[in-house]
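# Structural characterization, general
The chain contents come next:
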Amino acid sequence: MKLSHFNFNLPKELLAEFPAENRDESRLMVIDRQKNTIEHKMFKDVINYFDDGDVLILNNTKVFPARLYGNKEKTGARIEVFLLRELNSEQRLWDVLVDPARKIRIGNKLYFGDDDSLVAEVIDNTTSRGRTLRFLYDGSYEEFRNKLTELGETPIPKYINREVTAEDAERYQTIYAKEEGAVAAPTAGLHFSKHLLKKLEIKGVNFAEVTLHVGLGTFNPVEVEDLSKHKMDSEELIINQQACDIVNEAKAKKKRICAVGTTSMRAIESSVSSANTLNPYEGWTNKFIFPPHDFSIANCMITNFHTPKSTLLMMISAFCGHDLMKKAYDEAIKEGYKFYSYGDAMLIL
């Protein structure tokens with residue numbers, strides 16, 4: 001498979017600027033790989049496809065308010081600082097992206113907040129837009145983190161061409177988010193309401209939680225025609241024994257095991273034993289799943305509609321089958337499904 005196989009024309013108006021009014025009332029396209037069929041449902045109908053003993057694998061990462069705006073010393077120029085990851089909590093060192101980058105050099109200081117109570121010094125260049133910042137703040141580590149949260153904005157994707165609203169802080173977060181560390185939401189999970197999860201639980205469906213801290217690399221388009229040459233950014237991954245036990249028991253009983261989102265799928269595919277069971281894991285993964293790929297754990301998945309040439313689309317092609325995926329995407333465009341982070345969902349059986 002080549003990069004050009006993953007290009008298609010996506011009308012601008014199908015990029016979702018806002019989420020559906022209610023989480024579980026977005027649309028759901030249901031694809032059955034065995035029957036080669038496509039059905040159109042509401043997301044809350046997902047409950048009809050799961051029974052007692054089936055498992056949903058959820059990524060419980062929590063998005064932190066990663067986008068800050070500061071002013072450069074002397075010139076006062078407004079600079080966007082996007083926090084990627086904390087490098088050292090004692091020294092308050094962070095890996096960030098800055099925009100516009102050409103103005104930001106080693107030694108520069110940036111001031112944040114109306115009272116300039118938070119200051120950062122640039123101590124290294126990492127990539128063209130990447131910098132290492134040391135934050136200077138009078139207060140404990142906890143107070144410093146609270147200050148970052150207070151000054152930060154929900155990091156909704158750049159394609160959403162509007163100001164961040166208070167609603168985004170709630171809606172660009174799954175209701176089961178627990179472990180802070182992502183700079184992008186695991187978006188398939190955004191469709192689950194508390195009510196829907198409760199109904200699934202009453203039906204006997206089990207939940208296995210994994211943690212994959214989604215990085216900005218998830219949005220990086222692939223730029224090489226030969227997919228095997230593409231390098232994924234590494235992301236932090238934790239899979240505990242409890243999650244493995246839930247999944248492996250369901251696998252032994254031949255139950256439906258559903259990865260909720262591409263991040264959950266990448267998480268579990270990063271830690272498969274030689275016996276094709278799920279192993280505990282704590283570390284980093286840069287797993288890139290593209291066709292052909294044998295999936296070891298999940299036999300169904302829930303995902304959003306992805307953009308052309310994205311690694312996410314390549315994973316869906318590998319799981320769904322390329323021709324069926326193309327057929328589904330053609331139909332999604334014809335039927336006006338919404339794409340991307342705040343868009344509609346797909347269940348692949």
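Before any of the text, the structure's been laid out above.
Keep in mind that this is a model prediction, so the values were computed, not measured.

### What about helix α7 (residues 322-334)?
The end-to-end C-alpha distance of α7 is 18 Å, a good match for the 18 Å that 13 residues give at a rise of 1.5 Å each. Along α7, the positions that sit buried rather than exposed are His322, Leu324, Met325, Ala328, Tyr329, Glu331 and Ala332. Buried-residue contacts for α7 involve β1 (27-32), β2 (37-42), β16 (300-304), α6 (311-320) and β17 (345-348).

### Comments concerning the sheet that holds β1
Taken in spatial order, the 9 strands of this open sheet run β2-β1-β17-β16-β14-β3-β12-β13-β15, and their pairing is mixed. This sheet does not close on itself; its edge strands, each paired only once, are β2 and β15 (281-285). When the angles between neighbouring strand axes are averaged without regard to direction, this sheet yields 20°. Sitting on the sheet, α7 touches β1, β2, β16 and β17, and the angle it makes with β1 is about 155°.

### What about the packing of helix α5 (residues 262-269) against α6?
Viewed as axis vectors pointing N to C, α5 and α6 meet at an angle of 70°, and their least axial separation amounts to 11 Å. Judged by the inter-axis angle, α5 sits roughly perpendicular to α6. Regarding α5 and α6, the two cross each other, and that crossing is left-handed. Facing α5, whose interface residues are Thr262, Met265 and Arg266, α6 presents Leu312, Met315, Ile316 and Phe319. Across the contact of α5 with α6, the residue classes break down as 5 nonpolar, 1 polar and 1 charged.

### Considerations on the pattern of salt bridges
A side chain of one charge can pair with a side chain of the opposite charge when the charged atoms of the two come close. Applying the stated criterion across every chain yields a total of 14 salt bridges. The shortest N-O distance in the salt bridge between Lys147 and Glu150 comes to 3.3 Å. Linking Lys147 with Glu150, this pair stays in helix α1 (residues 141-151), spanning 3 residues, or about one helical turn. Given a relative accessible area of 10%, Lys147 falls into the buried group. A salt bridge links Glu209 to Lys178; the shortest N-O distance between them is 2.6 Å. Taken together, the residues span a long stretch of sequence, with Glu209 in strand β12 (residues 206-212) and Lys178 in the loop between α2 (166-171) and β11 (179-182) at a distance of 31 residues. Its relative accessible area of 25% is what places Glu209 among the partly exposed residues. Within the structure, one salt-bridge network assembled from shared partners comprises Arg67, Glu80 and Lys158.

### A short note on the sheet that holds strand β7 (residues 93-99)
Taken together, the 6 strands give a closed barrel; going around it, the order is β5-β6-β7-β10-β9-β8, and neighbouring strands pair in antiparallel fashion. Shown here is a sheet whose adjacent strand axes are inclined to one another by a mean of 45°, direction ignored. Across 7 bridges, strand β6 (residues 78-88) lies against β7 in antiparallel orientation. Paired with Arg85 across the strands is Asp95, a residue of β7. Running at roughly 90° to strand β9 (residues 118-125), α1 makes contact with β5 (67-72), β6, β7, β8 (109-112), β9 and β10 (130-136) of the sheet.

Conventions adopted
Residues numbered from 1 in each chain as written. Predicted model: local features only at pLDDT ≥ 70, side-chain atom pairs only at ≥ 80, totals over all residues. Heavy atoms only, no water. Helix = DSSP H or I, 4+ residues; strand = E, 2+ residues; numbered from the N terminus. Expected span 1.5 Å × (residues − 1). Buried < 20%, exposed > 50% of the residue type's maximum accessible area, 1.4 Å probe, protein only. Contact = heavy atoms within 4.5 Å. Pairing = 2+ DSSP bridges. Axes fitted to C-alpha atoms, helices over the stretch in contact; angles between N-to-C directions. Parallel < 35°, antiparallel > 145°, perpendicular 65-115°, else oblique. Left-handed = near helix turned anticlockwise from the far one by under 90°. Nonpolar A, V, L, I, M, F, W, Y, C, P; charged D, E, K, R; others polar. Salt bridge = Lys/Arg side-chain N within 4 Å of Asp/Glu carboxyl O.

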